[in-house]
Amino acid sequence: WRSSERLPESSRWRSEAPRPKAHGGISKQQKKATPMEDLFDGVLEIENEMREKGFAEGFAQGKMKGLAEGRVLGVKHGTQTSSEIGFYLGCALMWRTLAETYPKLFPKRRKERILGLIEEIKGYPLGEANAAGMTEALAKIRSKFKVLMSQLGHGKRLGVTTNEKKDISF
């Protein structure tokens, strides 16, 4: 057989599915389902039912896993944020105590900034996970903390600055 030759009508592959007639309708003969088509219809119906059941079960399992994963990530992020806020509050309370103990070392404006940082931290909604503006409030606290660090002579460091030089040799 060559591709240029046409196969006889009897040896061509034919689909069992009904085909529309030239004028757009389906003939009466094509409307009648054969026993094989009924069998395949049942198989397709079972397949669709199983797909829907699998989707429902998978969705439920995914929801449970998503909630568990979200809870773990939420606790982790909440712990980090709380630790950061606690660090800032601890530093601010220490600075306030130092300012009260050694008033000559802390000008009035610096004391006001320390008290402002403390008030900002106390106003942060730590117990409310869905509070609006949490990100902006945390950014404001970070900014105030950095300004105070700079004014107190710590610059970019988060500890006491030293004048020690480290020798590096190769």
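Our subject is the structure that appears above.
As the structure is a computational prediction, the values presented were derived from the model and not from experiment.

What follows deals with the nonpolar core. By size, the foremost hydrophobic cluster in this structure holds 18 residues, and its most contacted members are Trp 95, Leu 117, Ile 141 and Phe 145. Elements represented by at least two residues in this core include exactly α2 (35-101), α3 (108-122) and α4 (134-151).

Let us now look at α3. Between its first and last C-alpha atoms α3 spans 21 Å; for 15 residues at 1.5 Å apiece the expected length is 21 Å, and the two agree. Turning to α3, its buried residues are Ile 114, Leu 117, Ile 118 and Ile 121. Angularly, the buried residues of α3 cover 95° about the axis, an arc narrow enough to put them on a single face. Residues of α3 that are exposed and point over 90 degrees away from its buried face: Lys 108, Arg 109 and Glu 119.

Next up on the list: a negative patch on the surface. On the surface, Asp 41, Glu 45, Glu 49 and Glu 52 cluster together to form a negatively charged patch. Tracing the backbone shows Glu 52 in helix α2.

In this section: the packing of aromatic side chains. Using the criterion set out here, one finds five aromatic pairs in the structure. For the ring pair Phe 87 and Phe 145, a centre distance of 5.8 Å and an interplane angle of 65° mean the geometry is edge-to-face. Highlighted residues: Phe 87 in helix α2 and Phe 145 in helix α4, separated in sequence by 58 residues. Using a relative accessible area of 36% as the deciding quantity, one classes Phe 87 as partly exposed. With a centroid separation of 5.6 Å and an interplanar angle of 25°, the aromatic rings of Trp 95 and Phe 145 are classed as stacked. One end of the pair, Trp 95, is in helix α2; the other, Phe 145, is in helix α4, with 50 residues separating them in the sequence. On the basis of relative accessibility, which here comes to 4%, the residue Trp 95 falls in the buried class. Following the ring pairs from residue to residue traces out a cluster consisting of Phe 87, Tyr 88, Trp 95 and Phe 145.

Okay, the packing of α3 against α4 next. At a minimum axis separation of 10 Å, α3 and α4 run at an interaxial angle of 155°. As the angle between them shows, α3 and α4 are arranged roughly antiparallel. The handedness of the crossing between α3 and α4 comes out as left-handed. Residues Arg 110, Arg 113, Ile 114, Gly 116, Leu 117, Glu 120 and Ile 121 of α3 lie in contact with α4, whose contacting residues are Lys 140, Ile 141, Lys 144, Phe 145, Val 147, Leu 148 and Gln 151.

Criteria and thresholds
- Here the residue index of a chain counts from 1 through its sequence in written order.
- Residue-level local features of this predicted model are given only where pLDDT is at least 70; pairs of side-chain atoms are given and counted only at 80 or more, and the full residue set underlies all totals for whole chains, interfaces and linings.
- Hydrogens and water molecules were not included; the side-chain quantities draw on all heavy atoms of the structure.
- Think of a nonpolar core as a cluster: buried Ala, Val, Leu, Ile, Met, Phe, Trp, Tyr and Cys residues, connected wherever their side-chain atoms sit within 4.5 Å.
- Exposed residues in this analysis have more than 50% of their type's maximum accessible area, buried residues have under 20%, and partly exposed residues fall in between, with area computed by a 1.4 Å probe over protein chains only.
- Put simply, DSSP marks the helices as runs of H or I at least four residues long and the strands as runs of E at least two long, and each gets a number from the N terminus on.
- The span you would expect from a helix comes to 1.5 Å times its residue count less one.
- Working note: the arc is built from the helix axis to C-beta atom directions.
- Without a salt bridge and with relative accessible area above 30%, a residue can belong to a patch; like charges are then joined within 9 Å and nonpolar side chains (Val, Leu, Ile, Met, Phe, Trp, Tyr) within 5 Å.
- Here, Shrake-Rupley sampling with a 1.4 Å probe gives the accessible areas, and only protein chains in the shown set may cover a residue.
- By convention in these notes, a salt bridge is any Lys or Arg side-chain nitrogen within 4 Å of a carboxyl oxygen on Asp or Glu.
- Only four residue types enter the tally: Lys and Arg on the positive side, Asp and Glu on the negative side, with His and both chain ends excluded.
- Note that the charge is assigned to NZ on lysines, CZ on arginines, CG on aspartates and CD on glutamates.
- Side-chain rings of Phe, Tyr and Trp, where Trp is taken by its six-membered ring, are said to pair if the distance between their centres is within 6.5 Å; with planes under 30 degrees apart they count as stacked, over 60 as edge-to-face, and otherwise as tilted.
- Interaxial angles span 0 to 180 degrees and are taken between N-to-C directions of axes, which are lines fitted to C-alpha atoms, for helices over the stretch in contact.
- Roughly parallel means an angle under 35 degrees; roughly antiparallel, over 145; roughly perpendicular, 65 to 115; everything else is oblique.
- Less than a right angle of anticlockwise turn of the near helix away from the far helix marks a crossing as left-handed, whereas a clockwise turn marks it as right-handed.
- Should any heavy atoms of two residues lie within 4.5 Å, those residues are considered in contact.

By themselves, these observations are geometric and do not establish any function.
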